[in-house]
Amino acid sequence: QDQARLRRGDLAIAAVAGASAATAATLMLGLSGWFLAGAALAGTAGPLAVQAFNYLLPSAGLRGFAILRTAGRYGERLFAHRAALQALAALRPALFAGLAATPAPEALALSSGEASARLVQDVDAVETLFVRRSSPWVAAGAAIAAVVTSALASPLAGCAFLIGAALQIVLLRHLGARLGTSPATQQLASTGRLKAVLGAYASATAELRCFNLTDRAIEAVMSHDADLSLAVRRRRDAEAALDLLEALMSAATLVCVAGLATRAGLPLAALATLSAFAGLEGLGGLVRAARERGGAEAAITRLDAIVSEPSSGRPNAAPSGELRLEGLRLPPGDRVALIGPSGGGKTTLLESLLGLRRAPPGRLAVDGQFLEDAPLGWARPLFAYAPQDARLLTGTVADNLRLGAPEASDADLWAALEEARLDARVRRLPQGLGGWIGDGGEILSGGERRRLSLARALLRPAPWLLLDEPTEGLDAQTEAAVVDALEAHLARTGQGLILVSHRPAPLRLVTRRIAIDAAQPSEARYTT
């Protein structure tokens, strides 16, 4: 609705142009019927009748209505689509930002297929809704023209058209919304599930082949495809039934109009019948809009839940960088390691610092404020993060590095790669920093992906560096080189470090250790 208000100028022009086009089309078809019938009668009446028949004015009228119809249709499509495209240009970035800012529990529950469905199918439904906003005005223009021209033959014919059109609008709009909502919603949901399962299996093709599970994966995909096909078929069945009902009601209305107009003579009867036919054609857009309304409203509801997500107020003062973790004060520049058994909650604490999940009560504070009482992500500007599971964009090396520092120069990128001991590998790529690394970095090894993620974190100018298993998967020589480079980086920048690692080599970077155990979260132990 906000986008509709912003584009109301274009939408108003589209409505006026559409109504003009529908009115001209109705009058043109009615006039052509009268003209043809009158010319035929004049021709059968003899040469004198032909000489007396005025064909210049009807011909001029037909040409004028044709020009108006063409201009109106062009204007309607131009301004309606411009409004729709401008709305989508604003909506898609807002939607993507809303998805990116979704709290972790909701974001983790949202599959990639569902996210894709919202970005594509839901937005497309909104586009269709925008384009069809002029349909009530189009229907009104066509109906008024049809009533007036039918009434020239017989007032009863005009009333018959009006009653038939009203019944058609009321009944078909009601049935369209009722029968079309559920299949349209099921189709959108099935599309999202199919995309999700395709994405999941596509990223695990090697494992599927190794464990001989390809056939089972295909069966799972085809099962979701069958669900989507069933939803599409149900929607098409509903549309076919509504089309049949619309055709029957239109035929009944035309028969009534033609029967009541016959007493006025053939030319006026042709005028009334063809005008009624064109008028009923003008109602079609309104009926189709009603069919699509249910799916579009469901799409708008899902989009509003993301785009209009209320943002909680942030504290006025930006965080300065002093942390308190498990009761231990960490001044800026401090270096600590979180140690403990796997699954003990070390990664969870890092993600809580970043606002990727809700902070546990009483365990994490920034500038004296406990994070469970602060908005999610309030302290995020303090941290540069290299996660344990390095996720890379499908793109180039530079694309991935500049996520941490969008304004970084090429020289900065090479310096970060050198600190991560990945510069030699990148120089071997055909285009260096512009080298394509494949889907999710598939051309790189696991250790190389981890080091690219580390280089990305080193580029970010933040007071604290959060590293989760930064040397996992590296050989001893490369690990030693990376640790030495990190030592030099920390000394040069003065950044603080919070490290999670089970390997002894990176632990020499820290001065203190905090033992974390999920079984006893309140009993953190400190060592130096």
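Keep in mind the model is a prediction, meaning the values are calculated, not measured.

Rules behind the numbers
- Residues numbered from 1 in each chain as written.
- Predicted model: local features only at pLDDT ≥ 70, side-chain atom pairs only at ≥ 80, totals over all residues.
- Heavy atoms only, no water.
- Helix = DSSP H or I, 4+ residues; strand = E, 2+ residues; numbered from the N terminus.
- Buried < 20%, exposed > 50% of the residue type's maximum accessible area, 1.4 Å probe, protein only.
- Contact = heavy atoms within 4.5 Å.
- Areas by Shrake-Rupley, 256 points an atom, 1.4 Å probe, with all protein chains shown as cover.
- Pairing = 2+ DSSP bridges.
- Right-handed = clockwise from strand over helix to strand, strands pointing away.
- Salt bridge = Lys/Arg side-chain N within 4 Å of Asp/Glu carboxyl O.
- Phe/Tyr/Trp six-rings, centres within 6.5 Å; stacked < 30°, edge-to-face > 60°.
- Lys NZ or Arg CZ within 6 Å of the ring centre and 35° of its normal.
- Core = buried A, V, L, I, M, F, W, Y, C linked by side-chain atoms within 4.5 Å.
- pLDDT = per-residue confidence, 0-100.
- Axes fitted to C-alpha atoms, helices over the stretch in contact; angles between N-to-C directions.
- Parallel < 35°, antiparallel > 145°, perpendicular 65-115°, else oblique.
- Left-handed = near helix turned anticlockwise from the far one by under 90°.
- Expected span 1.5 Å × (residues − 1).
- Arc of directions from axis to C-beta.
- Polar contact = N/O pair within 3.5 Å; in protein donor to acceptor, adjacent residues only side chain to side chain.

Trainee: Please set out the overall build of the protein residue by residue, giving values where relevant.
Mentor: A tally of regular secondary structure across the protein gives 18 helices and 10 strands. Across the 528 residues in the protein, those meeting the buried criterion constitute 45%. A sequence separation of at least 24 residues applies to 76% of the contacts in the protein between residues at least 6 apart. Of the roughly 26500 Å² that the protein leaves accessible, carbon and sulfur atoms contribute 60%.

Trainee: So what's going on with the sheet that holds strand S2 (residues 328-330)? Residues and values would help.
Mentor: Read across the open sheet, the 4 strands follow the order S2-S1-S4-S5; overall the sheet is antiparallel. Sheet topology places S2 and strand S5 (369-370) at the edges, where each strand pairs with a single neighbour. Judged from the 2 bridges that link them, strand S4 (residues 364-366) and S5 form a sheet pairing that is antiparallel. Directly across from Val366, in S5, lies its bridge partner Gln369.

Trainee: Please set out the pairing of strand S8 (residues 496-500) residue by residue, giving values where relevant.
Mentor: For S8, the tally of buried residues reaches 5 of 5 residues, placing the bulk of the element in the interior. Across the two faces of S8 the burial is the same, with Gly496, Ile498 and Val500 and Leu497 and Leu499 all buried. Examined bridge by bridge, strand S3 (residues 335-339) and S8 share 4 bridges and lie parallel to one another. Following the sheet pairing, Ala337 is matched in S8 by Leu499. Where strand S7 (residues 464-468) meets S8, 5 bridges bridge the pair, whose relative direction is parallel. By the bridge assignment, Asp468 is partnered in S8 with Val500. Considered for its hand, the β-α-β crossover made up of S7, helix H17 (residues 476-493) and S8 is right-handed.

Trainee: Please provide a residue-by-residue account of the pattern of salt bridges, values included.
Mentor: Using the criterion set out here, one finds 14 salt bridges in the structure. For Arg82, the salt bridge goes to Asp10, with nearest N and O atoms at 2.7 Å. Of this pair, Arg82 sits in helix H4 (residues 56-100) while Asp10 sits in helix H2 (residues 8-45); the two residues are 72 residues apart in sequence, bridging distant segments of the chain. Take Arg82: its relative accessible area is 39%, and that puts it in the partly exposed class. Assessed through its relative accessible area of 11%, Asp10 is described here as buried.

Trainee: Please give an account of the packing of aromatic side chains that cites residues and values.
Mentor: Across all of its chains, the model carries 0 aromatic pairs by this definition. Between Arg427 and the ring centre of Trp414, over which it is positioned, the NZ or CZ distance is 4.1 Å.

Trainee: Describe the nonpolar core, with residues and values.
Mentor: Within the largest apolar cluster, 38 residues are counted, with the highest numbers of intra-cluster contacts made by Val397, Leu401, Leu417, Leu452 and Leu465. Looking at this core, the elements that each hand over two or more residues are strand S6 (383-386), helix H13 (397-401), helix H14 (410-419), helix H16 (446-459), S7, H17 and S8. It is H16 that provides the largest number of residues to this core, a total of 6 residues. By size, the runner-up hydrophobic cluster in this structure holds 26 residues, among which are Leu328, Val336, Leu354 and Ala379.

Trainee: Please give an account of the confidence of the model for the protein that cites residues and values.
Mentor: Per-residue pLDDT for the protein averages 83, and the proportion of residues at 70 or more is 84%. Long-range and interchain partners of residues 309-316, a stretch whose pLDDT sits below 50, account for 10 contacts in this model, where long-range means more than four residues apart.

Trainee: I'd like a description of the packing of H2 against helix H7 (residues 135-153), backed by residues and values.
Mentor: H7 packs onto H2 with a crossing angle of 30 degrees between their chain directions and a minimal axis gap of 7 Å. Considered as vectors, H2 and H7 are oriented roughly parallel to each other. Note that H2 runs across H7; the crossing there is right-handed. For the pair H2 and H7, contact is made by Ala15, Gly18, Ala19, Ala22, Thr23, Thr26 and Leu27 and by Trp137, Val138, Gly141, Ala142, Ala145, Ala146 and Thr149, respectively.

Trainee: Residues and numbers for H17, please.
Mentor: Under the 1.5 Å per step criterion, the end-to-end length of H17 is 26 Å for 18 residues, consistent within 8% with the ideal 26 Å. What H17 keeps buried is the set Thr478, Glu479, Val482, Val483, Ala485, Leu486, His489 and Leu490. End-on, the buried residues of H17 take up no more than an arc of 165 degrees, which puts them together on one face. Turned more than 90 degrees away from the buried face of H17, the exposed residues are Ala476, Gln477, Ala491 and Arg492. Next to the buried residues of H17 lie S3, H14, H16, S7, S8 and helix H18 (504-507). Between the side-chain oxygen of the N-cap and the backbone nitrogen of Gln477 there are 3.1 Å, and the N-cap of H17 in question is Asp475. Phi for Gly494, located one or two positions after H17, is positive at around 75 degrees.

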